[in-house]
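Observations on chain architecture
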Amino acid sequence: MKKLAVISGKGGTGKTMVAGALASLAECSIAFADCDVDAANLELLLNPTVELTKPYYGLKVAEIDQDACTLCGLCEELCRFDAITFEDGRFSVNPIKCEGCAVCTLLCPSDAVVMKTRINGEIYYSKTSFGPFAHARLEPGSGTTGLLVTEVKKLIYEKAGDKELLLIDGPPGIGCPLIATVTGVDAVLIVTEPSISGLHDLKRVVTVCNKFGVDIFVVINKFDLEETVSLKIEDYCQEAGISLAGKIPFDKKVIEAIKNREPVVSQKCPSADAIKEIWIFLKKEFNLL
Amino acid sequence: MKIVVASGKGGTGKSTLSANFSYVISGNRDVVLVDCDVEEPNLHLFFEEKGKESIVTLPIPVIDENKCDFCGKCGEFCQYGAITVLKDQVMVLQNLCHSCGGCLIVCPNDAISEVPKTIGVLWDAQIDSNLRLITGVLNEGEANGIEIIKTVKRLSESSPLVIYDSSPGTACPVIETVEGADFCILVTESTPFGLHDLKLAAEVVKKIGVPSGVVINRSDGSDNETEEFCRENDLEILLKIPFDREIAAIQNRGELFSVYYPDWQKQFTDLLDHIESLCGGNR
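Residues numbered from 1 in each chain as written. Chains lettered and ligands numbered in written order. Predicted model: local features only at pLDDT ≥ 70, side-chain atom pairs only at ≥ 80, totals over all residues. Heavy atoms only, no water.

Take the overall build of chain A next. Within chain A, the secondary structure is distributed over ten helices and 13 strands. Its C-alpha atoms put chain A at 70 × 40 × 35 Å along the principal axes. Burial analysis of chain A (289 residues in total) assigns 59% to the buried set. At a minimum sequence separation of 6, the contacts of chain A that also span at least 24 residues come to 76%. When the accessible area of chain A is evaluated, it comes to approximately 11,500 Å², of which 48% is carbon and sulfur surface. For chain A, the distance from the average site of its 31 positive side-chain charges to the average site of its 39 negative ones is 4 Å. (Helix = DSSP H or I, 4+ residues; strand = E, 2+ residues; numbered from the N terminus. Buried < 20%, exposed > 50% of the residue type's maximum accessible area, 1.4 Å probe, protein only. Contact = heavy atoms within 4.5 Å. Areas by Shrake-Rupley, 256 points an atom, 1.4 Å probe, with all protein chains shown as cover. Lys, Arg positive; Asp, Glu negative; His and termini not counted. Charge placed at Lys NZ, Arg CZ, Asp CG, Glu CD.)

Have a look at this one:
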């Protein structure tokens, strides 16, 4: 199975829009995963029917048994995440700040601190009219997004490893969720926009991807909104030896399609034509069909 | 007064809002603008000034193999799988380490100490007499920027008026940024994606216990669903910024649209006054 992750560096450049459109264009056997687990949107376009729901346990969280606690305060002193506070005559753990390191359990003289498993979200395996789809919902306010991304990928490999192509909708940024997404994929399609922020963030995410030795392709979305910056992005790609997979014009039909919750290529418009060209490019790169 | 600008969905206009908002209100107030989106910090692009640079480090364990007897207790304890103890070697996977210090405590031979590892930098710039910009930057390849967010927040803590620009999403970087704030501005756009992620972001902010309000960016006038969600959840719509190709182009070039459209100066000044009154005149 070839694995392609759609990522961006900067948020909101059009990752999900592009991933959704490619999903509906693919004639090969294809599976999908939404690895933007703390703001997952691909499901809004793929209209999935959930077949399997699994709880996601992140790291454990400390809890203090108030009856056993002797109020010595050692746990608060040791906690490097400021997760333990003293209020109203008792020590308690703020589960949002607790990183599950368990240091507080180590020296407690009365064994009053215990690590408790907590459900941090759900992982889903679904059917869509385009192919099987793994996605997740992170409990808002939970950490360990990288771990959840890895679980989503594991599930789709397990269930749909025989498909020709896995298309992943990735997270923005360059931190743990992105690193977990890019790990083990063959190529990334970086969707950028013609803004100096888009270019700045593109360079940073390329630096990270280069450490993983994956193939890199770039798409400039809404390229005609500021063509001077668009040209700078093209120059950068050329200098860095990165292939430009295509340019998508600004098109009001895109917002219209998203509002109707359908892939933009279901309409006849300039942006749909551009994305069809991008799919032809990718197909060739991946030797599909 | 500490105001966070957050969003859930990326690219809704957090940086656009925080840059223009801070620039306008610095006209007659001292403002510290803090870029907490350490994975992809962009505010410095609008002010073309990075300022003084200093490094941010995290303590990482090192093993003194003369003292270590390879008992394996550190590896067993580490909840993140960051230490692997072999027969005659200990491997520390720095990227997985959360710097909790647990391995030092469990080591019976006092063989573990900590050394600082650079994970990023911060830039501290005085843009003009009233506006200071502090930026946190995570090094490419590092997984966890929480310590950088903590550092830039600490640096601005004593200032009377601080605007924090958050990263997108609803996970740990956002929580770290929102914690301790007086108010949170949630920037959204009128698409199903924007609304879906606004709901998640509003839930997180509520969980942390910070009051919030909504700014609809690139509004095309048909914001019914967003308005309805806000009404049902007692979220006030503080401001709408219409979609305008010219605003987009100014923004894309790295300039401030409030400089080109002075009408917006009053809107942003009023926004601050309004937020301050909502927070009970906490100045």
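What follows picks up the thread again.
Secondary structure assignment for chain B yields eleven helices and eleven strands. The C-alpha extent of chain B, read off along each of the three principal axes, is 70 × 40 × 35 Å. Looking at chain B as a whole, 59% of its 283 residues qualify as buried. Within the structure as shown, chain B displays about 11,400 Å² of accessible surface, and the carbon and sulfur contribution to it stands at 47%.

Of all hydrophobic cores here, the largest spans 81 residues; its most connected members are I7, V152, V188 and I190 of chain A together with L186 of chain B. With seven residues, helix 7 (residues 192-208) of chain B is the single largest residue contributor to this core. Residues within four places of L186 of chain B in sequence aside, it is in contact with A6, L198, A201, A202, V205, S212, G213, V214 and V215 of chain B. Residues V6, L45, F217 and V219 of chain A belong to the second largest nonpolar core, which totals 42 residues. (Core = buried A, V, L, I, M, F, W, Y, C linked by side-chain atoms within 4.5 Å.)

Take the domain arrangement of chain A next. Structurally, chain A comprises domain 1 (2-57 + 121-285) and domain 2 (61-117). The centre of domain 1 of chain A, based on its C-alpha atoms, is set 40 Å off from the matching centre of domain 2 of chain A. (Domains from an automatic or database assignment.)

Turning our eyes to something else, we now look at the interface of chain A and chain B. Contact residues are listed per partner, giving 62 residues for chain A and 60 residues for chain B. Summed over both sides, the interface between chain A and chain B buries roughly 5,100 Å², with carbon and sulfur atoms accounting for 59% of that surface. On the chain A side of the contact with chain B, R80, P140 and R204 of chain A bury the most area, a combined 13% of that side's loss. For the pair chain A and chain B, the interface holds seven salt bridges. When the shortest N-O distance is used, the salt bridge between R204 of chain A and E140 of chain B registers 3.9 Å. (Buried area = accessible area lost by both parts, 1.4 Å probe. Salt bridge = Lys/Arg side-chain N within 4 Å of Asp/Glu carboxyl O.)

Before going further, it helps to spend a moment on the domain arrangement of chain B. Annotation of chain B at the domain level lists domain 1 (2-56 + 120-278) and domain 2 (65-110). Between the C-alpha centres of domain 1 of chain B and domain 2 of chain B the distance comes to 40 Å.

Taken as a whole and assessed by the stated rule, the structure comprises eight aromatic pairs over all chains. When the ring of F21 of chain B is compared with that of F268 of chain B, the centres are 6.1 Å apart and the planes differ by 50°; the resulting orientation is tilted. Of this pair, F21 of chain B sits in helix 1 (residues 14-25) while F268 of chain B sits in helix 11 (residues 263-278), placing them 247 residues apart in sequence. F268 of chain B carries the same exposure label as F21 of chain B, and that label is buried. The side chain of K159 of chain A reaches across the aromatic face of Y125 of chain A, ending 5.3 Å from its centre. Between the NZ or CZ atom of K153 of chain B and the centre of the ring of Y164 of chain B, over which it lies, the distance is 5.6 Å. (Phe/Tyr/Trp six-rings, centres within 6.5 Å; stacked < 30°, edge-to-face > 60°. Lys NZ or Arg CZ within 6 Å of the ring centre and 35° of its normal.)

Let us look at the sheet that holds strand 1 (residues 2-7) of chain A. Residue and element names in this part refer to chain A. The mixed open sheet is built from nine strands, whose spatial order is 3-8-9-2-10-1-11-12-13. Every interior strand has two partners, whereas the edge strands, strand 3 (49-57) and strand 13 (243-248), have only one. With strand direction ignored, the average angle separating the axes of adjacent strands in the sheet is 20°. In the sheet, strand 11 (residues 187-192) pairs with strand 12 (residues 215-221) via six bridges, with the strands oriented parallel. Among the inter-strand pairings, A187 is bridged to a residue of strand 12, identified as D215. Strand contacts of helix 1 (residues 15-25): strand 1, strand 2 (30-34), strand 10 (165-169), strand 11, strand 12 and strand 13, with the helix running at about 155° to strand 10, the strand carrying the most contacts. Across the face of the sheet, helix 8 (residues 227-240) comes into contact with strand 11, strand 12 and strand 13 while running at roughly 170° to strand 12. (Pairing = 2+ DSSP bridges. Axes fitted to C-alpha atoms, helices over the stretch in contact; angles between N-to-C directions.)

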